[in-house]
Every structure is written in C-alpha cells, then in structure tokens.
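# Fold and geometry: a report
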Amino acid sequence: MDTASLATALSAARHALAARGLKHAAAFACELYAGLPAPLKAQVHVSVPVPESIVSIDGVAELARSYFDLCEHARAAHVLEAKRGALTPVEFFLLHYARYLAGERRKEAVSTEMKATADTAKPTASNNTKPTNPYLPQLRQDLATADENGELDAFGLYLYAIVLKQSACSSVNASGRCQQLLWQSIKAFPWNWSAWLELALSLQQDISSSIDVMELAPLCPWMLDLFHVHLLLEQNHGSQAIDLLGPLRKQFPSCHYIIAQAAAAQYHLQDFDQAHETFVALARADPFRVDQMDLYSNVLYVKEDKAGLSSLAQHLQQVDKYRPETCCVIGNYYSLKGQHERAILYFTRALKLDPQCLSAWTLIGHEYIELRNTAAAIEVYRRGIDINPKDYRAWYGLGQAYEILELVHYSVYYYQKAAAIRPYDARMWCALGGCFEKLPTPQLSQAKMCYQRAIGNKDAECIAVYRLARLHQKENDIAKAAEYYQMYWRDRGINQVDSAEAASAVLFLAQYFKDKGRYDTASEWCNRLLDRQGPERDEAKALLQTMRNLEYTPKP
C-alpha cells in the first residue's frame, strides 16, 4: 500500500474511531494525520464510509451518542437497548461499550467509597474485596454469543478482549484468547491504537506468545513501527527505538507524539542534553501537552535545572493540576529542593489519581531512600515491580535499600535483575561490582568483570575505571593499577583535582613514576596536588623533597 492510500485510510479511521466513542484512539489517529506533510494530505480523498455513520432515521443513534458524549453511559445503553435486534454495527458497539463504561464508572464509585471508609472500618474479609464492573458477566455472555455467530467486527473483537481480560480470567487459556481477539481486531482494522497498546501489555506479560506482528507489515507499516517503538521503549531499548523513529519523523514531521517518543528514547539513553532540546521543542509546539512531561521533569532534575523545573511545574499546575504527570513534576521539583516529605506528598497524590502510575511508585521509593526509610522504600519498590516487572528503576532501588541495610547478598540479586533489564547502563554494573567487593567473601573476579562491562558501556562518571585501578592496587599489580589510574584521569576530562578519588589517583601515579625513576613525570603529578588542601598536599610536598634529595645525591 502506497503512502497516499495509507493517508486516506488514516483519514477515514479518524471518523470510524470517533463514531464509536473511542476517544483516545481517535485523538491518536487525528494527531498522526495532522503530523503528515501537507502535500501528502492534499492527495487524500476525504470520504466517510456510510457504515461508519451514526445517522439514523428514527434518531435513536444520535440520542444515544449525545448521552454518550455527556458521559451518561447508562442512559446511552438504555436508549440503544430498545433497538436490540435491529442495530447497525456502530450502534451494536456503542450499546456494549456504553454498558462497559457505565460499569467502570460504578466500580470507581464503589472503590472511592471503600477508600473513604477504610480508615474507620474494621479489617474484615469483605473490606479486602476489590470492586468489579457489575455488567461484565452479561457483556461477556452477549459478546461471546455474537462472536460465535460471526457478528463481531474489528471493534467488537477489541471490546470482547477487554471484557474477557477484566472478567477475572487469569488462566493461560483466557490470556491466549485475549491475544487472539486483539490480533484479529488489529488485522481487520489496524488504526485502533488502543488495541495495539492492549496487545503490547499482553505480550509483555506472556513472552511465550506465538503471535507474529510482522504479518501486519504489508497491511499498515506505520502502526507496526509505532508499536515496535512503544515496545522497545517499554523494554529500555532506546537505541533501537531511535533507529525506527528516524523514518517515522520524516513521514510525520510535525507529529507531537513521535517527537515525544524521540525525547523519551534519548532520555532512556541518558543523552540528557539532546532529550532536553527535544522536550523544549515539543513544549514550544504543544504548550498544553501533559503526556510525558514527567519525563521532561526527570531530565531537568538530572541537569539540576531548578528554574526550568519550577517553571514547568507552575505551568502544568495551571494546565491541569489533577493529572498524575503534573503531580510527579511538582514532586520532582520539591525533591530537587531537598524537601523530600513534600515530594512524597505529591507523588502520593499521583497514585491516588492513578494507582498504576509506575513513575510515582519508583519516585516515592527514591525519596524514602533519601530519608533512609528503607522499610518504606522496599515496600513501594515492590509495588512498582508488581505493576511492571521490567522496571529497572525499582530493581535498582531495591538493591540500594538492601545495600543500606548491609544485606549485600540481597543487593547482588536485585542489582543483577536491574543489569539484566538494562545491560547497557554503566550504573547497574558499577553498583553490582561494588556489592561483589562488599560480600563477606569478596568475589573480586566478578567485580572486575562488572567494572569492565561498565567501561564498555561508557561510564561517564569514571567510577568503574577508578575501582578497577583500586582493585589492582590492592592486589599489588602496580603496573595495571597505574594504567587504569591514568585512564581514569584522562577520561574524566578535568585537569583539576576536585575529589578524594582524583587526589588518590594522582598521588599513586606520582609515587609510581618516582619508583620508576621518572622524576620529571612524578613531579608533574605532585604539582597537581599543591593547590589542594589536605593530607595529599603534604604527601606530595614530601615526595617532591625526596626526589630533589635523590637528584642531588651523588651516585657512588
């Protein structure tokens, strides 16, 4: 299918999704279409297919859709129920989707009531019961019957998968059936981004799935590439995501979603300067965007840009202060200011708005680590892992917590988990290597291997190369230690002694070259310590005096 045909299909998909009340998927399709270059949109033949229309002679469909748009889903379902047996495909979907949303609204109301009474109610078995959608059993039965009769279109299959997923069917067969339904829905209508997201979540939870998404490449390459980018970012493969985003950014030069994904990929690769530039451009083009602004705040946090983070927090609070992303941004601001209790307050607000907000769970854990409340940190990190076992930040945080508790064996296990998820991150290997050194029986060979992996993955802070040098020094492998200390000094890119580690490295190299009889080189290393206050300065002066005495001592 050529690009003009794909653009035409995307244009029609906007109307099909909007007609069925799939607001998020419709907004995504509209954003994609708006991001296409103008010459390509000029080739699109805009025509809404008659089957996607909600126009009816009796006016029932329009009335139901009006109620649906007002979020009066139960009324919309009741109006359409009167036409059961004579429903068009759009009306059939609206009927069952409205019932599903009405049940979800009721479930949220019950959940809110239960939370409000949780503090005063006595702990009983009934208090621990989670509320459910009351319409799920009937919906499942109706959709299963329609599926058996071959009456479900792509949207009906999608809704059936959602209902089946939430019907407390945790068996392997039910999970496989959900994947099949989503797959059939996407094959029939590949523009429903909500179905792609559900499929991604299902595939992450079931790595043994036999579904081959590459079969969709000829049908809709754009959506398939966007799906792969989403999966890669979820699995922390930023470099591969950037490779796919390159052609997509050319195809959709002004699509804000794709620009945001590029910024997220740069963030995952720790290219914070480039990510900052991309987020600045995104905020300028879409100033009222809230999605992924929490990642932008993470970038500003790492860069210690208090002014930028304060400005972003104030702006988002004016745009929509009741979004989890806004609460995370404000929490990051207070964390950067060292006000960890207030940061926890805002991260907790984010969780009240969205209990599945993974960033909030891990950020609360980081704050508890700063407060040395390891028990609370361990609890919230585990909650984060329950939500997404692939979140390296939670595994890494658990490693830190147990390291503070001096339970190093546990730290090794959790750092290994983090390194397995994010093998290209030098920080994971440095932390793991440090724990191998701290074990009751130090495993120095394992520590060296970890530090070598960190060096191979661009250890920007030069922690690994310094620790390698120190290990070789302890083993009296002086030549190897000197080699790594020189590498440490060179890779730092700073010619000043600005830390205890740098002073230790310079002093060792001065002694090393003095023992080799290379007094000029040793003197150069000593001179670097003369401007530093502390015992290293006195040792450097003593070395210089010793070398002067040796130079003037006549040889026998």
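As the structure is a computational prediction, the values presented were derived from the model and not from experiment. (Residues numbered from 1 in each chain as written. Predicted model: local features only at pLDDT ≥ 70, side-chain atom pairs only at ≥ 80, totals over all residues. Heavy atoms only, no water.)

### Some points on the pattern of salt bridges
- For the structure on display, the rule yields 23 salt bridges.
- With a closest N to O distance of 2.5 Å, R177 and D147 form a salt bridge. A residue pair is termed long-range when its members are at least 10 positions apart, and R177 in helix 9 (residues 172-188) and D147 in helix 7 (residues 136-148) qualify at 30 residues.
- Connected through shared salt-bridge partners, E31, D286 and R289 make up one network. (Salt bridge = Lys/Arg side-chain N within 4 Å of Asp/Glu carboxyl O. Helix = DSSP H or I, 4+ residues; strand = E, 2+ residues; numbered from the N terminus.)

### A word on the domain arrangement of the protein
- According to the domain assignment, the protein consists of domain 1 (423-493) and domain 2 (496-555).
- Using only C-alpha atoms to locate each centre, domain 1 and domain 2 end up separated by 24 Å.
- Contacts between domain 1 and domain 2 engage 11 residues on the former and 15 residues on the latter.
- With both sides pooled, the region where domain 1 packs onto domain 2 buries about 1,100 Å², and carbon together with sulfur makes up 73% of that total.
- The three residues of domain 1 that bury the most area against domain 2 are Y466, Y485 and W489, which together make up 49% of that side's buried surface.
- Taken together, domain 1 and domain 2 are joined by 1 salt bridge.
- The tally of links between domain 1 and domain 2 comes to 2 residue pairs in polar contact (both at pLDDT 80 or more).
- For the side of domain 1 that touches domain 2, the elements supplying multiple residues, two or more each, are helix 25 (463-474) and helix 26 (478-492). (Domains from an automatic or database assignment. Contact = heavy atoms within 4.5 Å. Buried area = accessible area lost by both parts, 1.4 Å probe. Polar contact = N/O pair within 3.5 Å; in protein donor to acceptor, adjacent residues only side chain to side chain.)

### Topic: the packing of helix 6 (residues 89-117) against helix 8 (residues 154-165)
- At their nearest, the axes of helix 6 and helix 8 sit 10 Å apart, and the two run at 20 degrees to each other. With respect to their mutual orientation, helix 6 and helix 8 come out roughly parallel. Between helix 6 and helix 8 lies a crossing of left-handed hand. Counting all contacts with helix 6, which are made through F93, H96, Y97 and Y100, the residues of helix 8 involved are F155, G156, L159, I162 and V163. (Axes fitted to C-alpha atoms, helices over the stretch in contact; angles between N-to-C directions. Parallel < 35°, antiparallel > 145°, perpendicular 65-115°, else oblique. Left-handed = near helix turned anticlockwise from the far one by under 90°.)

### Focus: the packing of aromatic side chains
- Scanning the entire structure with this criterion turns up 26 aromatic pairs.
- With centroids separated by 4.8 Å and ring planes inclined at 50 degrees, the aromatic side chains of F155 and F189 adopt a geometry described as tilted. With F155 in helix 8 and F189 in the loop between helix 9 and helix 10 (193-205), this residue pair connects regions lying 34 residues apart in the sequence.
- On the basis of relative accessibility, which here comes to 4%, the residue F155 falls in the buried class.
- Accessibility expressed as a relative area gives 14% for F189, which makes it buried.
- Grouped by ring-pair contacts, the aromatic residues F68, F93, Y97, Y100, F155 and F189 constitute a single cluster.
- Between K41 and the ring centre of Y33, over which it is positioned, the NZ or CZ distance is 5.9 Å.
- Positioned above the aromatic ring of Y67 is the side chain of R75, whose terminal nitrogen or guanidinium carbon lies 3.9 Å from the ring centre. (Phe/Tyr/Trp six-rings, centres within 6.5 Å; stacked < 30°, edge-to-face > 60°. Buried < 20%, exposed > 50% of the residue type's maximum accessible area, 1.4 Å probe, protein only. Lys NZ or Arg CZ within 6 Å of the ring centre and 35° of its normal.)

### Brief notes about helix 16 (residues 306-320)
- Here helix 16 spans 21 Å end to end across 15 residues, near enough to the 21 Å set by a 1.5 Å rise per residue.
- Buried within helix 16 are the following residues: L309, S310, L312, A313 and L316. All buried residues of helix 16 project into a common sector of 165 degrees when viewed along the axis, lining one side. Counted as exposed and oriented over 90 degrees from the buried face of helix 16: A307 and Q318.
- On its buried side, helix 16 packs onto helix 15 (293-302) and helix 17 (324-336). (Expected span 1.5 Å × (residues − 1). Arc of directions from axis to C-beta.)

### Describing unusual backbone geometry
- In this model, Q292 sits at a positive phi of 65 degrees, which is unusual for a non-glycine residue.
- As for its placement among the helices and strands, Q292 is situated in the loop between helix 14 (272-285) and helix 15.
- One non-glycine residue, E304, adopts positive backbone phi at about 55 degrees.
- With respect to the secondary-structure elements, E304 resides in the loop between helix 15 and helix 16.

### Some points on the side chain of S194
- By secondary structure assignment, the location of S194 is in helix 10.
- The buried category is assigned to S194, whose relative accessible area is 16%.

### Here's the deal with the UniProt feature "repeat: TPR" (unreviewed entry) in the protein
- In the numbering used here, UniProt assigns the feature "repeat: TPR" (unreviewed entry) to residues 324-357, 358-391 and 392-425.
- Helix makes up 79% of residues 324-357 and strand 0%, with an end-to-end C-alpha separation of 7 Å.
- The distance separating the terminal C-alpha atoms of residues 358-391 is 8 Å; by composition the span is 79% helix and 0% strand. (UniProt positions renumbered as here; feature names shortened; annotations may be inferred.)

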